[in-house]
Structure formats: C-alpha cells, structure tokens
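Coordinates in review
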Amino acid sequence: MLGILEARPRVGYFFAGKDPKNLISEKMNDIKVDKIKSVPSVIKEDTSVYDAIVTLFLTDVGTLFITDKDGNLAGLVSRKDLLKTAIGNADIHKMPIGIVMTRMPNIITVTPEESAYDAARKIVDHQIDALPVVKAVTENDQEKYKIVGKVTKTTITKLFVELGKT
Ligand code: ADP
C-alpha cells in the first residue's frame, strides 16, 4: 500500500524501486487544492478599512479577499496592509478597502486542479501567507475569476501534520 513493494502473478513481490522521498513528493503532487482548500473571508471593494479590520478579527483570518461589484476577484489585503493604513493619517471609517488593497492582475492565485505542492511552492516563492483558489469565467469577453476557496500557510501545515501521522 505504501508503493514500496509491487506484486505480479507468478513472479511474487518485488521492490518497486521507489525512493521513500519520491513517495512523499508523489503524495504532495497527488493531493489537489480542491481537497485541502478552506472557506475564505471575502469583502466588497467599497467596504471601509475600519469594517475590513473588524471582519479580520470576527472571521479570525490573516488575509481578506476582495471582490468587485460583479463578485469577481478584485484584490486582497493582508494583516500588515491593514496595520500600515491604520497607523497612517487616513480616516479609516471613510476610506474604501479598494484604495489600499493589492489588486488584480498582481494577485497570485491557484486553481482547484493544481496540486498541494503547486500551492505551497507559490506561497514560498512569493513570500505570502494566502492564495485565493479561483475558477476562471469569461464575462464581456474578459477573463475574470470567481473565488471558490483559499489555501494558506495553515492549510499546508495541517496537510503536513496529516501526512506525518503514524
Ligand atoms: P503580511 O503583509 O501580513 O506579512 P503577506 O506576507 O501575505 O502578509 O503579504 C505581503 C504583501 O503581499 C502584502 O502587501 C499583501 O497585500 C501581498 N499579498 C499577499 N497575498 C498575496 C497574493 N496571493 N498575491 C499577491 N499579493 C499578495
């Protein structure tokens, strides 16, 4: 079951020749984002920075995803993006989150079909905490993205713990 031994009729069992290290990478590549994604916290572009901060606390997340009026991915804000805005001189009750967010097309995303390894790689390579899981849709001849989940450093840590269980 571990893939180390294989069986063939009249031959018997034989060593499959796989390095245990490759077995781990096989697992990471077999598990799809769709299986590990979790529920994202999503707000609209015209939400005030103040309400965004309240949402961050109430939903116990580190990154908020932001949609435009049509419900498509417009951007995101991290904890530090919000801290930076809050310590500035802006009126956070009046300022919409759309002004301070990191916006499309600069958002690193992942699709449900990509692997857990692909997602972890993107988080490490781009030094970020979270990825929106998206499905592409065509609206008015333009490619847009619907948010269907999230993969964060916590998601990957949980998977790591799951795979490490004895
Ligand atoms: P923090 O800012 O709290 O350390 P991150 O490391 O996730 O959290 O974010 C660092 C910067 O990268 C922030 O400005 C944030 O808006 C941006 N960022 C976070 N996630 C993404 C992403 N998936 N795609 C593009 N930019 C991102």
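Fair warning: this is a prediction, and the values are worked out from it, not measured in the lab.

**Here's the deal with the sheet that holds strand β3 (residues 42–44)**
- Strand order in the open sheet formed by four strands is β3-β4-β5-β6, and the pairing between neighbours is mixed. Each having just a single partner strand, β3 and β6 (102–103) make up the two edges of the open sheet.
- Summarising the sheet, strand β5 (residues 73–78) and β6 pair through two bridges and their orientation is antiparallel. Across the sheet, residue Leu76 finds its bridge partner in β6, namely Thr102.
- Contacts from helix α3 (residues 49–58) reach β3 and β4 (63–67) within the one sheet, and its direction differs from that of β4 by about 130°.

**Examining the site of the ligand**
- Looking at the ligand, there are 14 residues lining it, with Ser78, Asp81, Thr102, Ile108 and Asp129 nearest.
- Between the ligand and Thr102 there is a distance of 2.6 Å, counted from an oxygen atom to a side-chain nitrogen or oxygen.
- For the shell around the ligand, the elements supplying multiple residues, two or more each, are β5, α4 (79–86) and β7 (130–139).
- A per-element tally of the shell around the ligand places α4 first, with three residues.
- Residue composition of the shell around the ligand, by class: six nonpolar, four polar and four charged.

**Focus on the UniProt feature "domain: CBS" (unreviewed entry) in the protein chain**
- Summarizing the sequence annotation, UniProt attributes the feature "domain: CBS" (unreviewed entry) to residues 36–92 and 101–166 in the numbering used throughout.
- Helix makes up 33% of residues 36–92 and strand 25%. Its end C-alpha atoms lie 34 Å apart.
- Secondary structure over residues 101–166 splits into 33% helix and 35% strand, and the C-alpha atoms at its two ends are 42 Å apart.

**Topic: the packing of helix α6 (residues 116–125) against helix α7 (residues 153–164)**
- Interhelical geometry of α6 versus α7 gives an angle of 135° and a closest axis separation of 10 Å. Compared by their axis directions, α6 and α7 come out oblique. Crossing of α6 over α7 shows left-handed handedness. Across from Ala116, Ala120 and Ile123 in α6, the residues of α7 making contact are Lys153, Ile156 and Leu159.

So, how was this worked out
- Residues numbered from 1 in each chain as written.
- Predicted model: local features only at pLDDT ≥ 70, side-chain atom pairs only at ≥ 80, totals over all residues.
- Heavy atoms only, no water.
- Pairing = 2+ DSSP bridges.
- Helix = DSSP H or I, 4+ residues; strand = E, 2+ residues; numbered from the N terminus.
- Contact = heavy atoms within 4.5 Å.
- Axes fitted to C-alpha atoms, helices over the stretch in contact; angles between N-to-C directions.
- Near = heavy atom within 4 Å.
- Polar contact = N/O pair within 3.5 Å; in protein donor to acceptor, adjacent residues only side chain to side chain.
- Nonpolar A, V, L, I, M, F, W, Y, C, P; charged D, E, K, R; others polar.
- UniProt positions renumbered as here; feature names shortened; annotations may be inferred.
- Parallel < 35°, antiparallel > 145°, perpendicular 65-115°, else oblique.
- Left-handed = near helix turned anticlockwise from the far one by under 90°.

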